[in-house]
Amino acid sequence: MGNYSFGLIESIALWQQLLLLYLVLINIIAFAVYGLDKRYARQSKWRIPERRLLLLAVAGGALGAFAGMRIFHHKTQKMKFRVVVPLFLAVYVAAVIYVMVILS
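All values derive from a computational prediction rather than experimental measurement. (Residues numbered from 1 in each chain as written. Predicted model: local features only at pLDDT ≥ 70, side-chain atom pairs only at ≥ 80, totals over all residues. Heavy atoms only, no water.)

K.L.:
Describe the overall build of the chain, and please don't skip the residues or the numbers.
P.N.:
Secondary structure assignment for the chain yields 3 helices and 0 strands. Counting all 104 residues of the chain, 31% fall into the buried class. Taking contacts inside the chain between residues at least 6 apart in sequence as the whole, the part at least 24 apart equals 67%. Accessible surface for the chain amounts to roughly 7100 Å². Of this, 70% is attributable to carbon and sulfur atoms. (Helix = DSSP H or I, 4+ residues; strand = E, 2+ residues; numbered from the N terminus. Buried < 20%, exposed > 50% of the residue type's maximum accessible area, 1.4 Å probe, protein only. Contact = heavy atoms within 4.5 Å. Areas by Shrake-Rupley, 256 points an atom, 1.4 Å probe, with all protein chains shown as cover.)

K.L.:
Account for the nonpolar core, with residues named and values stated.
P.N.:
In terms of nonpolar packing, the biggest core is built from 16 residues, with Tyr34, Leu53, Phe81 and Val85 touching the most fellow members. For this core, the secondary structure elements donating two or more residues are helix H1 (14-42), helix H2 (50-72) and helix H3 (79-102). Of all the elements, H2 adds the most residues to this core, at 7 residues. Those residues in contact with Tyr34 that sit more than four places away from it in its chain are Leu53, Leu54, Ala65, Gly68, Met69, Phe72, His74, Phe81 and Val85. (Core = buried A, V, L, I, M, F, W, Y, C linked by side-chain atoms within 4.5 Å.)

K.L.:
Please provide a residue-by-residue account of the packing of aromatic side chains, values included.
P.N.:
Considering all chains together, one arrives at 3 aromatic pairs under this definition. Consider the rings of Tyr34 and Phe81, whose centres lie 6.3 Å apart with planes at 80°: the pair is edge-to-face. Taken together, the residues Tyr34 in helix H1 and Phe81 in helix H3 connect sequence positions 47 residues apart. Assigned by exposure class, Tyr34 and Phe81 land together as buried. Ring centres of Phe88 and Tyr92 lie 6.4 Å apart, and the angle between their planes is 35°; on these two criteria the pair is classed as tilted. Taken together, the residues Phe88 and Tyr92, both in helix H3 and 4 residues apart, mark about one turn of the helix. Owing to a relative accessible area of 24%, Phe88 belongs among the partly exposed residues under this scheme. On the basis of relative accessibility, which here comes to 24%, the residue Tyr92 falls in the partly exposed class. (Phe/Tyr/Trp six-rings, centres within 6.5 Å; stacked < 30°, edge-to-face > 60°.)

K.L.:
Outline the side chain of Lys38, supporting the account with residue identities and numerical values.
P.N.:
Position of Lys38 among the secondary structure elements: in helix H1. Among buried Asp, Glu, Lys and Arg side chains, Lys38 stands out as unpaired, with Asp37 the closest opposite charge at 8.7 Å. (Lys, Arg positive; Asp, Glu negative; His and termini not counted. Salt bridge = Lys/Arg side-chain N within 4 Å of Asp/Glu carboxyl O.)

K.L.:
How would you sum up the layout of surface pockets? Please name residues and give values.
P.N.:
Estimated volume of the largest pocket: approximately 170 Å³. Breaking the lining of the largest pocket down by element, the ones donating at least two residues are H1, H2 and H3. Broken down by element, the lining of the largest pocket gets its largest block of residues, 5 residues, from H3. Residues that form the lining of the largest pocket fall into these classes: 10 nonpolar, 2 polar and no charged. (1 Å grid on protein atoms, 1.4 Å probe; cavity = no way out; pocket = protein on both sides within 12 Å on 5 of 7 lines; lining within 4 Å. Points joined across faces, edges and corners; volume = space filled by probe spheres on them. Nonpolar A, V, L, I, M, F, W, Y, C, P; charged D, E, K, R; others polar.)

K.L.:
Residue-level account of the pattern of salt bridges, with values.
P.N.:
In this structure the tally under the stated criterion is 4 salt bridges. In this structure, the salt-bridge partner of Lys78 is Glu50, at a minimum N-O distance of 2.9 Å. Highlighted residues: Lys78 in the loop between H2 and H3 and Glu50 in helix H2, separated in sequence by 28 residues. What emerges from the salt-bridge pattern is a single network uniting Glu50, Lys75, Lys78 and Lys80.

Here you go:
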């Protein structure tokens, strides 16, 4: 099989690759957890604490949390989620641009 990465992965340092892998995984987890909590809310089951949901966003999963909020219509009325999640999304976008572009 051929190499279809077009040199993108090979052109960045290992620590940058690991950082990107971490961010992809934490965002997938955050998205899934927001969806799971919405399902639990609809079924009147035990809920995932808000603190844990916010922690996922702060720990790098802000994009997944933001997508989960929008797609699942979950926690969109809570002011702390409406402020914290987009704030950390902006911080992480800026940080990734800085790490991938400026430090390269």
